[in-house]
Amino acid sequence: RYLLTDYFLFMMQQLQICHFTERDRKTRGGKRENISVGFAGLQCRHCAGNSFARKFFWSDADRLANSFSEIPSHVLMCRMTPPEVKRTLGMLKSRHPADLQKMPRGSQKKFIRRMWRRLHGIPELENADEEDEKPSTINRRKKRSRSSTGGSCSNKNQVKKASTLMVAEHLTST
């Protein structure tokens, strides 16, 4: 909780854990051909279970952190989100920049990296705080690719099923 603004926490409470299925592969314009069945992700809890449910699967924590804005955009536009949730989210979003100023720099990214490890069943590291302070791997990849002679960086994830209970407790704990 000390890592999150009220907006971010409320936003996280609008999500639930999901796991990639073969049916998910056929949605969203075919951009999911490299995702393994069982890969953990997040989905809007309001439209979950519907054929049009919005699910989010990122290849790593840094990609999630850098494109997180897709999630609140969906929740605000989702036809299943109750109006009171949309109003609360809008109100908290207006306070978010001021609240961020009071937070330690990088705290939300630290939360996302910890959540990612739990979501994917990756044990907490003894040096988790140091790991969370590292620059984004995306930034490192960009620097590396500029200096390389055309080699590509591939990110192969080992997929482990996450404990739904553990992540849910983490998402809602204070």
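Bear in mind that the values here come from a model prediction, so they are computed numbers and not experimental data.

1. Let's talk about the overall build of the chain
At step 1: In terms of regular secondary structure, the chain is built from 9 helices and 3 strands.
At step 2: Listing each helix as α and each strand as β along the chain from the N terminus yields α-β-α-β-β-α-α-α-α-α-α-α.
At step 3: Burial status across the chain gives 41% buried among its 174 residues.
At step 4: The long-range share in the chain, meaning contacts at least 24 apart out of those at least 6 apart in sequence, stands at 65%.
At step 5: Element-wise, carbon and sulfur atoms account for 51% of the exposed surface of the chain, whose accessible area totals about 10,500 Å².

2. Brief notes about the nonpolar core
At step 1: With 33 residues, the main nonpolar core has L64, F68, I71, F111 and I112 as its most contacted residues.
At step 2: Looking at this core, the elements with two or more residues in it are α1 (6-12), β1 (15-19), β2 (40-44), α3 (61-66), α4 (70-77), α5 (83-101) and α6 (107-119).
At step 3: Looking at which element gives the most residues to this core, the answer is α1, with 6 residues.
At step 4: If near-sequence neighbours (up to four positions away) are discounted, I71 is found in contact with M11, L15, F56, W58 and L64.

3. Details of the pairing of β2
At step 1: Burial runs high along β2: 5 of the 5 residues are buried.
At step 2: One ladder, built from 5 bridges, connects β1 with β2; its direction is antiparallel. Bridged to H19 within β2 is A40.

4. Details of α6
At step 1: Its 13 residues place the ends of α6 18 Å apart at the C-alpha level, agreeing with the 18 Å of an ideal helix rising 1.5 Å per residue.
At step 2: The buried fraction of α6 amounts to 11 of the 13 residues, a majority that puts the element mostly inside the structure.
At step 3: All of the buried residues along α6 are S107, Q108, K110, F111, I112, R113, R114, M115, W116, R117 and L119.

5. Here we look at the packing of aromatic side chains
At step 1: This model, assessed by the stated rule, comprises 5 aromatic pairs.
At step 2: For the pair F20 and F57, a centre-to-centre distance of 5.1 Å together with 85° between the ring planes defines the contact as edge-to-face. Within this pair, whereas F20 is found in the loop between β1 and α2 (22-25), its partner F57 is found in the loop between β3 (55-56) and α3, the two being separated by 37 residues in sequence.
At step 3: Relative accessible area serves as the criterion here: at 12%, F57 is assigned to the buried category.
At step 4: In textbook terms, an aromatic cluster arises when at least three aromatic residues are bridged by ring pairs, as seen for F8, F68 and F111.
At step 5: Between the NZ or CZ atom of R79 and the centre of the ring of F52, over which it lies, the distance is 3.8 Å.

6. Comments concerning the side chain of R25
At step 1: Relative to the helices and strands, R25 is located in helix α2.
At step 2: Among the polar contacts made by the side chain of R25, one reaches the side chain of E22 at a distance of 2.7 Å.
At step 3: Polar contacts involving the side chain of R25 include one to the main-chain carbonyl oxygen of I35, which spans 2.9 Å.

7. A short note on the pattern of salt bridges
At step 1: The final tally for this structure, using the stated rule, is 7 salt bridges.
At step 2: The salt bridge partner of R25 is E22, with a shortest N-O separation of 2.7 Å. In this pair, R25 and E22 are both assigned in helix α2, 3 residues apart and thus about one turn of the helix distant.
At step 3: D99 is the partner of K102 in a salt bridge, and the nearest nitrogen-oxygen pair spans 3.9 Å.
At step 4: Exposure remark for D99: the relative accessible area of 14% places this residue in the buried category.

Rules used throughout
- Residues numbered from 1 in each chain as written.
- Predicted model: local features only at pLDDT ≥ 70, side-chain atom pairs only at ≥ 80, totals over all residues.
- Heavy atoms only, no water.
- Helix = DSSP H or I, 4+ residues; strand = E, 2+ residues; numbered from the N terminus.
- Buried < 20%, exposed > 50% of the residue type's maximum accessible area, 1.4 Å probe, protein only.
- Contact = heavy atoms within 4.5 Å.
- Areas by Shrake-Rupley, 256 points an atom, 1.4 Å probe, with all protein chains shown as cover.
- Core = buried A, V, L, I, M, F, W, Y, C linked by side-chain atoms within 4.5 Å.
- Pairing = 2+ DSSP bridges.
- Expected span 1.5 Å × (residues − 1).
- Phe/Tyr/Trp six-rings, centres within 6.5 Å; stacked < 30°, edge-to-face > 60°.
- Lys NZ or Arg CZ within 6 Å of the ring centre and 35° of its normal.
- Polar contact = N/O pair within 3.5 Å; in protein donor to acceptor, adjacent residues only side chain to side chain.
- Salt bridge = Lys/Arg side-chain N within 4 Å of Asp/Glu carboxyl O.

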